[in-house]
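Breakdown of the fold
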2 protein chains.
Amino acid sequence: MNVDLSVYLVTDARLAAAAGHDLVELVEAAARNGVTAVQVREKDAPARAFLETVLRTAEALPSEVALLVNDRVDVFLAARDAGARVAGVHVGQSDLPVTAVRRLVGPDAVIGLSVSTPEQLRLAAASPARVGYVGIGAVHATATKKDAPEPLGLARFASLVAESGLPAVGIGGVTSADLPAMRSAGAAGAAIVSAICSAPDPASAARELRAAWSAAS
Amino acid sequence: MNVDLSVYLVTDARLAAAAGHDLVELVEAAARNGVTAVQVREKDAPARAFLETVLRTAEALPSEVALLVNDRVDVFLAARDAGARVAGVHVGQSDLPVTAVRRLVGPDAVIGLSVSTPEQLRLAAASPARVGYVGIGAVHATATKKDAPEPLGLARFASLVAESGLPAVGIGGVTSADLPAMRSAGAAGAAIVSAICSAPDPASAARELRAAWSAAS
């Protein structure tokens, strides 16, 4: 999988709106200031609006920043059919099974999967669907994802990363202060929601996260 | 399009649960007692549960009863990939555009589209996506669809059916009392939600609707 997940922005339209940001402008500013991958997540928007956001985001992103679509494989496929540069999809344990997703997206798209237990991690690594990376969380408690499991904390996160045979990103209340511990635990990256979407200055927040990741090792 | 839409059940899991029914048992009972087509609509369920409901429903339905999937083209595709007998998808004006849907589902699947204005009707009939039928509504006010437009009433419904170049079903608070007027207006069928999902005896409700449709002309 040829995607740099190190500073991985996961969008939250409500948080962005509450902070006064246009979502696509926020994503573009973050991507030009250190974000390396973007997942468009729209838990409430109808499919047409979701597709339009994906298409606008794809146009706005620098070519080296990968764009993934949360949950809706049909939105990903429609965006790809429309010529948008979309790298793949990210699904959770309640979304379509990764084997079904792989049949739908074809061999080259990236599939990311959310996991929160050693068993889910084992299934992800063993799946014939070729899961490209796992999102492990929630690292911390968070209000941005209603169905998030109990927070793991950084120590438990690190032990799951160590067990993972797949590239792993941590998600859930992650701030720049967590990045040194996450990177030294072997994570491929940190998935960021509110630390960018709710930031007064998303570009500055992205720079700070990028710097924190780069300084760690 | 080779689908009998005359008594077309659109599922509502909340109404069915509130009336004490297992959704798949309800659908099967209705289909064995006069329902000719079924649309599985799950506005709240995650994709995996939606797919499971579609697969279970497909197994339970008599082969002559067409099964359509609401909104989620990916769920339809995954069900078809899994070998389920699914006829097509039904989308609304906020869902994926029908041209995108046609590219995703291929040439043979049925595409149904919800419309509520003459302009939407014209666009549906003119679309290169080959819309198979339109759902025109809301015929009456209804609490089962939060985003339903202002009710049309039977007279306005009849005038839209007359303008439609496509097979049309009426939806929105439809009961057996409406079926004579709807059929004589030229409708291809009646889409039924609460008159079956909330019925104490869905099989009996289906028989009554079937009889009302058959008696009209």
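Look up: the structure comes first, before these words.
Let me begin by describing the structure that accompanies this report. Numbering of residues starts from 1 in every chain and runs along the sequence as written. All chains are assigned letters beginning with A, and all ligands numbers beginning with 1, in the order in which they are written. Thresholds applied to this predicted model are a pLDDT of at least 70 for local features of residues and 80 or more for the giving and counting of side-chain atom pairs; totals over whole chains, interfaces and linings are not thresholded and use all residues. Calculated side-chain values reflect all of the structure's heavy atoms, with hydrogen atoms and water omitted.

Comments concerning the overall build of chain A
Under the convention used in this document: Numbering of helices and strands runs from the N terminus, with a helix taken as a DSSP run of H or I at least four residues long and a strand as a DSSP run of E at least two residues long. The reference for a compact globule is 2.2 Å times residues^0.38; the radius of gyration itself is calculated from the C-alpha atoms. A simple rule labels every residue: compare its accessible area, found with a 1.4 Å probe on the protein chains alone, to the largest value its type can have, and call it buried under 20%, exposed over 50%, or partly exposed in between. Two residues qualify as a contact provided that any one of their heavy atoms is within 4.5 Å of a heavy atom in the partner residue. Surface exposure here means Shrake-Rupley accessible area, sampled with a 1.4 Å probe, where a residue is shielded only by the protein chains that are shown. All tallies of charge rest on Lys and Arg as positive and Asp and Glu as negative; His and the ends of each chain are not included. Charge placement uses NZ in Lys and CZ in Arg. For Asp and Glu, CG and CD serve respectively.
Scanning chain A from N- to C-terminus turns up 10 helices and eight strands. Against the globule reference of 17 Å for 217 residues, chain A gives a C-alpha radius of gyration of 16 Å, in line with a compact fold. Viewed in the frame of its principal axes, chain A has a C-alpha envelope of about 40 × 40 × 30 Å. Going through the 217 residues of chain A one by one, you find that 56% of them count as buried. The contacts in chain A between residues at least 6 apart in sequence include a share of 60% that link residues at least 24 apart. Taken as a whole, chain A presents about 8600 Å² of accessible surface, with 52% of it coming from carbon and sulfur. Averaging the coordinates of the 19 positive side-chain charges in chain A and doing the same for the 22 negative ones gives two points 4 Å apart.

Remarks on the sheet that holds strand β5 (residues 110-115) of chain A
Residue and element names in this part refer to chain A. Rule in force here: Note: two strands are recorded as paired if DSSP finds a minimum of 2 bridges between them. To obtain each axis, a line is fitted to C-alpha atoms, and for helices this fit is confined to the stretch in contact; angles are then taken between N-to-C directions over 0 to 180 degrees.
Taking strand neighbours around the barrel as the criterion, the eight strands line up as β1-β2-β3-β4-β5-β6-β7-β8 in a closed arrangement whose pairing is parallel. Sheet twist, expressed as the mean angle between neighbouring strand axes with direction ignored, is 25°. Across three bridges, strand β1 (residues 7-10) lies against strand β2 (residues 37-40) in parallel orientation. Within the sheet, the bridge partner assigned to L9 lies in β2 and is V38. Of the strands in this sheet, β4 (88-91) and β5 touch helix α5 (residues 98-105), which is tilted by about 165° from β5.

Side note on the interface of chain B and chain A
In plain terms, the rule: A simple way to read buried area is as the amount of 1.4 Å-probe accessible surface that goes missing from two parts once joined, with both sides added. We define a salt bridge as a contact between a side-chain nitrogen of Lys or Arg and a carboxyl oxygen of Asp or Glu at a distance within 4 Å. Each polar contact in these results corresponds to two N or O atoms within 3.5 Å; when the atoms are within protein, one needs to be able to donate a hydrogen and the other to accept it, and residues that are neighboring in sequence are counted only if both atoms are side-chain atoms. Side-chain classes are defined by residue name, with Ala, Val, Leu, Ile, Met, Phe, Trp, Tyr, Cys and Pro counting as nonpolar, Asp, Glu, Lys and Arg as charged, and the others, Gly among them, as polar.
On the side of chain A, 22 residues touch chain B, which itself brings 22 residues to the contact. Carbon and sulfur atoms make up 58% of the surface buried where chain B meets chain A, a total of about 1800 Å² over both sides. The largest per-residue losses of area from chain B upon contact with chain A belong to R48(B), D74(B) and L96(B), which jointly make up 32% of the total buried on that side. Taken together, chain B and chain A are joined by two salt bridges. The interface formed by chain B and chain A holds 11 residue pairs in polar contact (both at pLDDT 80 or more) in total. Elements that contribute at least two residues to the side of chain B that touches chain A include exactly α3 (47-60), α4 (73-81) and α5 (98-105) of chain B. It is α4(B) that provides the largest number of residues to the side of chain B that touches chain A, a total of six residues. Looking at side-chain class alone, the side of chain B that touches chain A contains 12 nonpolar, three polar and seven charged residues.

Observations regarding helix α6 (residues 118-126) of chain A
Residue and element names in this part refer to chain A. What counts is decided by this rule: To be clear, the arc concerns the directions from the helix axis to the C-beta atoms.
Along α6, the residues classified as buried are Q120, L121 and A124. Along α6, the residues classed as buried sweep out an arc of 100° about the axis, all on the same side. For α6, the exposed residues lying more than 90 degrees away from the buried face are R122, L123 and A126. Against the buried residues of α6 lie β5, β6 (133-137) and α7 (153-163).

Let's talk about the environment of I111(B)
Relative to the helices and strands, I111(B) is located in strand β5 (residues 110-115). In this structure, the C-alpha to C-alpha distance between I111(B) and H90(B), residues 21 residues apart in sequence, is 5.7 Å.

Observations regarding unusual backbone geometry
Residue and element names in this part refer to chain A. The step from G137 to A138 runs through a cis peptide bond, and the omega angle for that step is 0°. The backbone of R130 shows a phi angle near 55°, a positive value even though the residue is not glycine. Looking at where R130 falls in the secondary structure, it is placed in the loop between α6 and β6.

Digging into the relation of the copies chain B and chain A
What counts, and what does not: Only residues with pLDDT of at least 70 in both copies count here: their C-alpha atoms drive the least-squares fit that superposes the copies.
Superposition record for chain B on chain A: RMSD 0.0 Å, screw rotation 180°, translation along axis 0.0 Å. When the rotation and shift are considered jointly, the pair of chain copies conforms to a two-fold rotation axis. Relative to the rotation axis, the C-alpha of D74(B) is the closest in chain B, positioned 2.4 Å from it. Comparing interface residues between copies, 100% of those in chain B also sit at the interface in chain A, which points to an isologous, same-surface contact.

A look at the nonpolar core
Spelled out, the test is: Buried residues of nine kinds, namely Ala, Val, Leu, Ile, Met, Phe, Trp, Tyr and Cys, make up a nonpolar core once their side-chain atoms join them within 4.5 Å.
Formed by 134 residues in total, the largest nonpolar core has its most connected members in I136(A) and I136(B). With residues up to four places along the chain from it excluded, the contact list for I136(B) reads V115(B), L121(B), L152(B), F157(B), L160(B), V161(B), A168(B), V169(B), G170(B) and I171(B).

Fair warning: the whole summary comes from geometry, so function is off the table for now.
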